[in-house]
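Listed below are the residues making up each chain.
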Amino acid sequence: MGFRNPWAYSFMALFIVFSIILLLINARNAVEGYSGVTSAMLNLILYLVPLMSLLLGSFSLTAEKEEGSWRLLSAYPLGTLSFIVGKYAGLTLVLWVIMFVGYGVSGMLGAVFGGGFAISDFVLFIAFSMGLSFLFVAIAMMIGTFARNRWQALTISVSIWFFAVIGWSSLLVAILGMVPYLYVKPALIFLTFLNPAELVRLFVIVKLGGGSILGPEYYDWVHWIGRADGTLWFILICTLWAAVAAGIAYIIWERGRHRE
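Reading the values: the criteria
Residues numbered from 1 in each chain as written. Predicted model: local features only at pLDDT ≥ 70, side-chain atom pairs only at ≥ 80, totals over all residues. Heavy atoms only, no water. Helix = DSSP H or I, 4+ residues; strand = E, 2+ residues; numbered from the N terminus. Expected span 1.5 Å × (residues − 1). Buried < 20%, exposed > 50% of the residue type's maximum accessible area, 1.4 Å probe, protein only. Axes fitted to C-alpha atoms, helices over the stretch in contact; angles between N-to-C directions. Left-handed = near helix turned anticlockwise from the far one by under 90°. Contact = heavy atoms within 4.5 Å. Nonpolar A, V, L, I, M, F, W, Y, C, P; charged D, E, K, R; others polar. UniProt positions renumbered as here; feature names shortened; annotations may be inferred. Core = buried A, V, L, I, M, F, W, Y, C linked by side-chain atoms within 4.5 Å.

Undergrad: Help me understand helix 5 (residues 119–146) in this model?
TA: Three- or four-residue spacings in an α-helix give side chains the same orientation, since the helix completes a turn every 3.6 residues. Helix length check: helix 5, at 28 residues, gives a terminal C-alpha distance of 41 Å against a target of 40 Å (1.5 Å per residue), a fit within 8%. The element helix 5 is largely enclosed, with a buried count of 21 among its 28 residues.

Given below as structure tokens:
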């Protein structure tokens, strides 16, 4: 059902087009590591992948309510946990396939015509996209649980995407400006863990060698991410984050099932 969704292929086409454009720019001035081109590529991924994950994931769950298919599934010996985990795994797989196709097209063009991104950077882009989709599908599960229809899901998804991606820096400055200086750093750490888009973005920037642009407040982040076990800790944190979000969706969905 996920592969039949026209939204998925619309996002795939956008992803391919903008990847090729950035590939052409990089071909004129190839630079490895963190640069203007890699920064633009990160921003492109940061805009498209969370929005794509939120819309596809939340619409998938709200469609079950609107079309009545969940009532039918409830008549079978299917547990709520199996339903949520199946949805989560299926949607994540669909999104990863879409992204692999997009990266595959741009990667093949870069290999054939030259000017492609460095292999290490390309791998980080893929990991960045996979991490974002993995976390934001978990958020989409919660949105689809709360929303009664697709319009509500659309409104909530776009609002979360806006504050997490576009308005995050302004929101961060506004909140930290009201916090006493002694608590600015702990508040910054807490808020960063609260926003999966920012969490994954910081990890990739440090791995690309751009940790110096983050400022002294993120010195500890640069240190632990750059350690040998930094990647393992990051994966564990993301897994825990997704498990908590999906667990909340499961609890609420299970309560709604018993009421019905």
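Let us keep going from here.
Undergrad: How should I be thinking about the packing of helix 5 against helix 6 (residues 150–166) in this particular structure?
TA: Between two packed helices, both the angle of their axes relative to each other and the distance between the axes serve to describe the pair. Packing of helix 5 against helix 6 leaves a shortest axis separation of 9 Å and a crossing angle of 145°. Considering the relative orientation of helix 5 and helix 6, their crossing is right-handed. Taken together, the residues of helix 6 that come into contact with helix 5 (itself represented by F136, I139, I143 and F146) are Q152, A153, I156, S157, I160 and A164. Among the residues making up the contact of helix 5 with helix 6, the classes are represented as 8 nonpolar, 2 polar and no charged.

Undergrad: What is the right way to read the UniProt feature "transmembrane region" (unreviewed entry) in the protein chain from this model?
TA: UniProt records the feature "transmembrane region" (unreviewed entry) for residues 6–25, 37–56, 93–116, 122–146, 158–183 and 232–253 in the present numbering. Structurally, residues 158–183 comprises 73% helix and 0% strand, and the distance from its first C-alpha atom to its last is 31 Å. Taken end to end, residues 232–253 has its terminal C-alpha atoms 31 Å apart, with 100% of it in helix and 0% in strand.

Undergrad: Please clarify how the nonpolar core should be interpreted in this entry.
TA: In terms of nonpolar packing, the biggest core is built from 69 residues, with I45, M52, Y103, F128, L132 and V204 touching the most fellow members. The set of elements that each furnish at least two residues to this core consists of helix 1 (6–28), helix 2 (36–66), helix 4 (80–113), helix 5, helix 6, helix 9 (196–207), helix 10 (219–226) and helix 11 (230–259). When residues of this core are assigned to their parent elements, the largest contribution, 15 residues, is made by helix 5. The next biggest cluster of nonpolar side chains, apart from the first, holds 6 residues, and it includes W168, L176, A187 and L191.

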